[in-house]
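Observations on chain architecture
This is what each chain is made of:
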Amino acid sequence: MLAPALKRLAVRAACENDLAAALALLNWEKARNPWIGRVPDLLRNAVADPTGEHRACVAERDAEVVGLGVYGMVAGAVRTGMLYAVLVAPRSRRSGIGSRIVFHVTTELASVAARTIFAEVPGDPCLVRYRALLIAYGFVEESRIDDYYRDGVPQIVSRFDLP
Ligand SMILES: CC(C)(COP(=O)(O)OP(=O)(O)OC[C@H]1O[C@@H](n2cnc3c(N)ncnc32)[C@H](O)[C@@H]1OP(=O)(O)O)[C@@H](O)C(=O)NCCC(=O)NCCS
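Residues numbered from 1 in each chain as written. Predicted model: local features only at pLDDT ≥ 70, side-chain atom pairs only at ≥ 80, totals over all residues. Heavy atoms only, no water.

Next up on the list: the environment of Val11. Note that Val11 resides in strand S1 (residues 9–13). According to the relative accessible area criterion, Val11 is buried, its value standing at 17%. Spatially, the C-alpha atoms of Val11 and Glu108 are 11 Å apart, while their sequence positions differ by 97 residues. (Helix = DSSP H or I, 4+ residues; strand = E, 2+ residues; numbered from the N terminus. Buried < 20%, exposed > 50% of the residue type's maximum accessible area, 1.4 Å probe, protein only.)

Here the structure, examined in full by the defined rule, presents 4 aromatic pairs. Among the aromatic residues, those joined into a ring-pair cluster are Trp35, Tyr148 and Tyr149. In this structure, Arg32 is placed above the aromatic ring of Trp28, and the distance from its NZ or CZ to the ring centre is 3.5 Å. (Phe/Tyr/Trp six-rings, centres within 6.5 Å; stacked < 30°, edge-to-face > 60°. Lys NZ or Arg CZ within 6 Å of the ring centre and 35° of its normal.)

This paragraph deals with the site of the ligand. Near the ligand lie 20 residues; those nearest to it are Val86, Arg94, Gly96, Gly98 and Ser99. Between an oxygen atom of the ligand and a main-chain N or O atom of Gly96, the distance comes to 2.8 Å. Contacts to the ligand include Ser99, whose side-chain N or O atom sits 2.8 Å from an oxygen atom. Contact with the protein chains hides 77% of the accessible area of the ligand, taken as 910 Å² for the molecule alone. The set of elements that each furnish at least two residues to the shell around the ligand consists of strand S4 (80–88), helix H4 (97–111) and helix H5 (128–137). Partitioned by chemical class, the residues of the shell around the ligand number 11 nonpolar, 5 polar and 4 charged. (Near = heavy atom within 4 Å. Polar contact = N/O pair within 3.5 Å; in protein donor to acceptor, adjacent residues only side chain to side chain. Areas by Shrake-Rupley, 256 points an atom, 1.4 Å probe, with all protein chains shown as cover. Nonpolar A, V, L, I, M, F, W, Y, C, P; charged D, E, K, R; others polar.)

Pairing is possible between side chains that carry opposite charge, provided their charged atoms lie close to one another. On inspection of all chains with the given rule, the structure shows 10 salt bridges. Arg12 serves as the salt-bridge partner of Asp18, at 2.8 Å between the closest nitrogen and oxygen. Asp161 is the salt-bridge partner of Arg159, the closest N and O atoms lying 2.9 Å from each other. Arg159 sits in the partly exposed class, given a relative accessible area of 28%. The structure contains a network of salt bridges with shared partners spanning Arg12, Asp18 and Glu60. (Salt bridge = Lys/Arg side-chain N within 4 Å of Asp/Glu carboxyl O.)

Coordinates in, geometry out; function isn't part of it.
Here's what the structure looks like:
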């Protein structure tokens, strides 16, 4: 049985009408999380060209955008998807919405023949919830490149294999 918070939730492709709300969520998060700087542009690209390299989805409940995901297939690589970001509105966190967004992303990428999905995550304390979400979903943290972003901040590469 679905938890109450998930019953009225729909996760679907983001469109022009979602942009203002989705960008507002990102803007709020930006003050706390320095690693999402590229995400607004990826989101705009995805909405402007839904069949392009970048895709975006929103989680909507009661006509309100409460989360988003940005992902895509890696251009030029064979059957490889990339998860760039998942964000859930602060007051809606920890009720399964992030997992629903990741489920949407993995399902969509599977439908375009992805075999593997990667997420490249800075090893910064502000992203531990994101890493926990990915691990809970089934991603495996398969490599770590020390001092990748700057001294003391590694890149952690997570991988999810599709059947
Ligand atoms: C990361 C984030 C998207 C998780 O979304 P969420 O809706 O809270 O995630 P869920 O409720 O689906 O959590 C699924 C699982 O992930 C793990 N998890 C999520 N948040 C966690 C937390 N704060 N502490 C520990 N584990 C956590 C748990 O295993 C959880 O399962 P459980 O609740 O049954 O224990 C959300 O915290 C967020 O938006 N963070 C800020 C944005 C961000 O940093 N995004 C990533 C970079 S773009």
